[in-house]
Amino acid sequence: MSNPPPSTDAAWTLLKLVRWATGFLQKRGIDSPRTTAELLLAHVLGLDRLQLYVRHDQPLVQAELAAFRELIQRRLRREPVAYILGRKGFWTLELQVGPEVLIPRPETELLVEAALARLAQTADGRPARVLDLGTGSGAVVLALACAAPAHRYFASDVSSDALATARRNAQAAGCGGRVAFFAADWLAALRATGAPFELIVSNPPYIARGALAGLQPEIAQHEPPLALDGGADGLDCHRTILRAAGGHLAPGGALLLEIGADQRQPVQTLAERAGSYGDVRCLKDYAGCDRVMVLVKKNIAAH
Ligand code: GLN
């Protein structure tokens, strides 16, 4: 670190250090510098953020200062705070995350809300079968399994490292027993004759390959390309899922897909081409952007 502090003398109290780090991060153009400083220092000390202020006068020992300096350095290299802390809040859950999984985004909670609304609507007293494709950290399927525990959940990912993280998160969330995780490339591993699903959800990669490098360094240099790269036009995964999902949906079942803010039209066209979906709608997130497509399986009789 080029600037002097934190030096190792005992003059560094928690509050002084938070103030110094806030200014330092701000000068280096890091987002939310105060929150970042607090989160990183609390992490080093094994405290929560509030306790930093309760103990604001506490001096730091040399090892703590060194550990904090290391975390600040990682953040300056644009590593996301969630990866540094190894965790991210999503819905009601605290999820473990590492570079093998996409960091769950707040807008993806809309996918959870839409899925819960759908489950409440279709529930006729029997447990529904719900499939999450490309589960990553398990964020979506675990939020659903915790909020609507009566149903049966399945979740796949092509990455075995992601699946290991999702399984750990399932154990920690206490709903591990309700979710069957399996390795698969979208729907390729499912038998055509297998039991159908009332609900299929997915937040697939949807960034156009050519746009990846231009994303903020936190994403472009640290998050897994496998979870972001949607091929030349960003829609490769949507294409694959839309083509295959109809054959695995129960009558009246729905596919819920997260999309990029400019992908409503092309996804609608892909859905029409797939021919399996009747009612197709798009939900906006809290920023007002198109975010979740709801595609209800077409009634066979209507063919
Ligand atoms: N929403 C993420 C982003 O904008 C992308 C997630 C995805 O590709 N599924 O960085």
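Attention in this report is confined to the structure presented alongside it. All values reported here derive from a predicted model rather than from experimental measurement. (Residues numbered from 1 in each chain as written. Predicted model: local features only at pLDDT ≥ 70, side-chain atom pairs only at ≥ 80, totals over all residues. Heavy atoms only, no water.)

**Brief notes about the nonpolar core**
Here's step 1: Membership of the largest hydrophobic core comes to 34 residues, with the highest contact counts inside it found for Leu142, Leu144, Tyr153, Val179, Phe181, Leu199 and Leu256.
Here's step 2: Of the residues forming this core, the biggest block, 7 residues, is contributed by helix H7 (residues 139–147).
Here's step 3: Beyond its immediate sequence surroundings of up to four residues, valine 179 is in contact with Val141, Leu142, Ala145, Tyr153 and Ala155.
Here's step 4: Counting 24 residues, the second-largest nonpolar core is a separate cluster that includes Val18, Ile30, Ala37 and Leu45. (Core = buried A, V, L, I, M, F, W, Y, C linked by side-chain atoms within 4.5 Å. Buried < 20%, exposed > 50% of the residue type's maximum accessible area, 1.4 Å probe, protein only. Helix = DSSP H or I, 4+ residues; strand = E, 2+ residues; numbered from the N terminus. Contact = heavy atoms within 4.5 Å.)

**Side note on the site of the ligand**
Here's step 1: Around the ligand, a shell composed of Leu102, Arg105, Glu107, Asn203, Pro204, Pro205, Tyr206, Ile219, Ala227 and Leu228 is seen.
Here's step 2: In this structure, tyrosine 206 approaches the ligand through a main-chain N or O atom, which is 3.0 Å from an oxygen atom.
Here's step 3: Within the complex, the protein chains bury 89% of what would otherwise be the 300 Å² of accessible surface of the ligand.
Here's step 4: Partitioning the shell around the ligand into residue classes produces 7 nonpolar, 1 polar and 2 charged. (Near = heavy atom within 4 Å. Polar contact = N/O pair within 3.5 Å; in protein donor to acceptor, adjacent residues only side chain to side chain. Areas by Shrake-Rupley, 256 points an atom, 1.4 Å probe, with all protein chains shown as cover. Nonpolar A, V, L, I, M, F, W, Y, C, P; charged D, E, K, R; others polar.)

**A few points about the sheet that holds strand E9 (residues 290–297)**
Here's step 1: Spatial ordering of the open sheet is given by E5-E4-E3-E6-E7-E9-E8, a layout of 7 strands whose pairing is mixed. Looking at strand neighbours, the two that pair on one side only are strand E5 (179–183) and strand E8 (277–284), the edges of this open sheet. Between one strand axis and the next, the sheet turns through 15 degrees on average, direction left out of account.
Here's step 2: Pairing analysis gives 5 bridges linking strand E4 (residues 152–157) to E5, with the strands arranged parallel. Its bridge partner being in E5, phenylalanine 154 is matched across the sheet by alanine 180.
Here's step 3: Those strands touched by helix H6 (residues 109–122) are strand E3 (129–133), E4, strand E6 (197–202), strand E7 (249–258), E8 and E9, and its axis lies near 165 degrees from that of E7.
Here's step 4: Against the sheet, helix H12 (residues 264–274) touches E8 and E9, its axis set at about 15 degrees to E9. (Pairing = 2+ DSSP bridges. Axes fitted to C-alpha atoms, helices over the stretch in contact; angles between N-to-C directions.)

**Details of the side chain of arginine 118**
Here's step 1: On the secondary structure map, arginine 118 appears in helix H6.
Here's step 2: Here arginine 118 occupies a buried position and makes no salt bridge, while the nearest side chain of opposite charge, aspartate 279, is found at 5.8 Å.
Here's step 3: In this structure, arginine 118 is in contact with Leu199, Gly252, Ala254 and Val296, ignoring residues within four places of it in sequence. (Lys, Arg positive; Asp, Glu negative; His and termini not counted. Salt bridge = Lys/Arg side-chain N within 4 Å of Asp/Glu carboxyl O.)

**Side note on the pairing of E3**
Here's step 1: Here E3 lies mainly inside the structure; 5 of its 5 residues are buried.
Here's step 2: Side chains of E3 alternate between two faces, with Arg129, Leu131 and Leu133 and Val130 and Asp132 buried alike.
Here's step 3: Examined bridge by bridge, E3 and E4 share 5 bridges and lie parallel to one another. Its bridge partner lying in E4, valine 130 is registered against tyrosine 153.

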